[in-house]
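Fold and geometry: a report
Given next are the chains, with one letter for each unit.
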Amino acid sequence: MNLGGAIKINKCAVIVLVAILLFIFYVFTATSIDRTYPKKHDKVNLRKLVIGLILAAKSGGNQVIKISNEPDFGGIKTKGKTLEGVNDYVTKADVNSHCSIAYSLWRIFPKLNLISEEDVQKKNCPDDIENFDLDPSVLGNVELPDINVKTEDLTLFIDPLDATKEFTEKLFQYVSVMICVADKKGEPIIGVIYFPFSKRLYWAWKGHGVSENLINVKADLEDGVQNPIAIVSMSHAGAVKDLVRSMLGEKVSIIQAAGSGYKIIQVLEGNATIYLHNTRIKKWDLCAGNAIVDSVKGRMATLKREKISYTANSNYVVEDGLLVEINKNVMN
Ligand SMILES: *[C@@H]1O[C@H](CO)[C@@H](O)[C@H](O)[C@H]1NC(C)=O
């Protein structure tokens, strides 16, 4: 009886002791886990990021398609005029595409530094942002390595809807969604260009892999081009046509098109020899294409033959025009 009581007390003491020990163990391991992995998102696996960017570009494109079916595209606004006097439009499709890209990426990679043509608070975003998982099947048969880099060394440039003006005119073939990653030095290393209306997708991770539709694009350094085809902007074609003829001679054919993403892809697909532009252009219009052109060893530069730098703190405007070619023998 007495003995039983003593055992009872001891049992209680043991339980309390074990509880205290467990608590100390918990506190210790919790803080030591914190010490070992201080900030979970300080590093990014670039293979996973490529997968994320492809899925984000598609989710942005899905928003663009959805709004293309709404009357007046959910309301067309102008952000003013460009220096060349062309209206700078924004629609609900630009906004919703940005939302979908930015917030779906931040869900998985919360510390990514994003620079986008649009800047939208979450409360102004639609409710139907896609929360995707990183499904590697979007890479097709392309194998990519697992490489981890510091998140803070990356800057993403996003154009949630390139060719907004043409979108409002239902010239949907020119519309693309572009996402790009630049490294610490400002070099574009990953680019994704997605055409939501034709569902064509192009991507490249410089030095590691390109989408299957780009595998056969080769920079031809041997042969000159007999009949060059230049692709230029539709919106201010006059001056650029003169420039093209002065650079490539009278025999040059000229195609007019919209969307820098579209024009870059026309050069990559061999439908144009060179893309020339002579007015200001924003870096989110160029970064993804630049990563892809570099990956297939083509050339993308200003008309002064200077590389474009995509650092986080840079000026986001390229003032000196643009030249894109795969065959570097078209001009010097
Ligand atoms: C390139 O031109 C061909 C022939 O006109 C066309 O079928 C193809 O769709 C074009 N490529 C792209 C990317 O528009």
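It should be noted that the structure appears before, not after, this text.
Residues numbered from 1 in each chain as written. Predicted model: local features only at pLDDT ≥ 70, side-chain atom pairs only at ≥ 80, totals over all residues. Heavy atoms only, no water.

1. Here's the deal with the environment of Met 234
- Residue placement: Met 234 occurs in the loop between strand S11 (229-233) and helix H5 (237-248).
- Relative accessible area serves as the criterion here: at 29%, Met 234 is assigned to the partly exposed category.
- Spatially, the C-alpha atoms of Met 234 and Ala 258 are 5.8 Å apart, while their sequence positions differ by 24 residues.
- Beyond its immediate stretch of four places on either side in the chain, Met 234 contacts Glu 166, Leu 171, Tyr 174, Gln 256, Ala 257 and Ala 258. (Helix = DSSP H or I, 4+ residues; strand = E, 2+ residues; numbered from the N terminus. Buried < 20%, exposed > 50% of the residue type's maximum accessible area, 1.4 Å probe, protein only. Contact = heavy atoms within 4.5 Å.)

2. Focus on helix H7 (residues 287-295)
- Of all the nine residues making up H7, eight are buried; the element is thus mostly covered by neighbouring parts of the structure.
- By the burial criterion, the buried members of H7 are Cys 287, Ala 288, Gly 289, Asn 290, Ala 291, Ile 292, Val 293 and Ser 295.
- In the segment just after H7, Lys 297 is the residue with positive phi, at about 65°.

3. What about the site of the ligand?
- Taken together, the neighbourhood of the ligand is formed by Arg 200, Tyr 202, Ile 265, Gln 266, Glu 269 and Asn 271.
- With respect to the ligand, the side chain of Arg 200 contributes an N or O atom lying 3.3 Å from an oxygen atom.
- Between the ligand and Gln 266 there is a distance of 2.8 Å, counted from an oxygen atom to a side-chain nitrogen or oxygen.
- The fraction of the free accessible surface of the ligand (360 Å²) that becomes covered by protein chains is 48%.
- Broken down by class, the residue content of the shell around the ligand amounts to two nonpolar, two polar and two charged. (Near = heavy atom within 4 Å. Polar contact = N/O pair within 3.5 Å; in protein donor to acceptor, adjacent residues only side chain to side chain. Areas by Shrake-Rupley, 256 points an atom, 1.4 Å probe, with all protein chains shown as cover. Nonpolar A, V, L, I, M, F, W, Y, C, P; charged D, E, K, R; others polar.)

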